[in-house]
Amino acid sequence: MATNRIRYIYNSNMGMELIFCENSTISYPTHNHVSVLTVGMVLDGSLVLTTNNNSLRKKSDLYYLSIYAA
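Residues numbered from 1 in each chain as written. Predicted model: local features only at pLDDT ≥ 70, side-chain atom pairs only at ≥ 80, totals over all residues. Heavy atoms only, no water.

> Can you lay out the overall build of the protein chain for me, pointing to particular residues and giving the numbers?
Per the secondary structure count, the protein chain includes zero helices and six strands. Going residue by residue from the N terminus, the α and β elements of the protein chain occur as β-β-β-β-β-β. With respect to the three principal axes, the spread of C-alpha positions in the protein chain is 45 × 35 × 20 Å. By sequence separation, contacts in the protein chain at least 24 residues apart represent 23% of the contacts at least 6 residues apart. In the form shown here, the protein chain has an accessible surface area of approximately 6500 Å², with 53% of it arising from carbon and sulfur atoms. (Helix = DSSP H or I, 4+ residues; strand = E, 2+ residues; numbered from the N terminus. Contact = heavy atoms within 4.5 Å. Areas by Shrake-Rupley, 256 points an atom, 1.4 Å probe, with all protein chains shown as cover.)

> Go over the pattern of salt bridges with me, naming the residues and quoting the values.
Under the definition given, this model contains one salt bridge. Across the salt bridge formed by Glu-22 and Arg-5, the nearest N and O atoms sit 3.2 Å from each other. Residue Glu-22 is located in strand E2 (residues 16-22), and its partner Arg-5 is located in strand E1 (residues 5-11); the two are separated by 17 residues in the primary sequence. A residue is classified by how much of its surface remains accessible, and Arg-5, at 43% relative accessible area, is partly exposed. (Salt bridge = Lys/Arg side-chain N within 4 Å of Asp/Glu carboxyl O. Buried < 20%, exposed > 50% of the residue type's maximum accessible area, 1.4 Å probe, protein only.)

> Account for the environment of Leu-43, with residues named and values stated.
Here Leu-43 is to be found in the loop between strand E3 (38-41) and strand E4 (46-51). Taking relative accessible area as the criterion, Leu-43 reaches 69% and is therefore assigned exposed. Note: C-alpha distance between Leu-43 and Ser-60 (17 residues apart in sequence) is 4.9 Å.

> How would you sum up the pairing of E3? Please name residues and give values.
Alternating residues of E3 divide into Thr-38 and Gly-40, all buried, and Val-39 and Met-41, none buried. With four bridges joining them, E3 and strand E6 (residues 62-65) adopt antiparallel strand pairing. Within the sheet, the bridge partner assigned to Thr-38 lies in E6 and is Leu-65. (Pairing = 2+ DSSP bridges.)

> Help me get a handle on a nonpolar patch on the surface, residues and values and all.
Together, Leu-37, Val-39, Met-41, Leu-43, Leu-62, Tyr-64 and Ile-67 line one region of the surface with nonpolar side chains, adding up to about 830 Å² of accessible area. Of all the secondary-structure elements, those providing two or more residues to the nonpolar patch are E3 and E6. For Leu-62, the location among the structural elements is in strand E6. (Patch = residues over 30% accessible without salt bridge, like charges linked within 9 Å, V, L, I, M, F, W, Y side chains within 5 Å.)

Shown next as structure tokens:
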């Protein structure tokens, strides 16, 4: 079995972060993305996004989470 690989890059000048995951299963506690645009790309495998008890599985696709104000 392949080793889980997660690389995290943060640029404080741009306020941008990149997270690269390969052969990994990660889960985050409930949180929000107030005033933050989130863009992701699934190259292989799938990703499950859960919001307000709704789940969406993304496979080999580009996705985004819209910015909203507090």
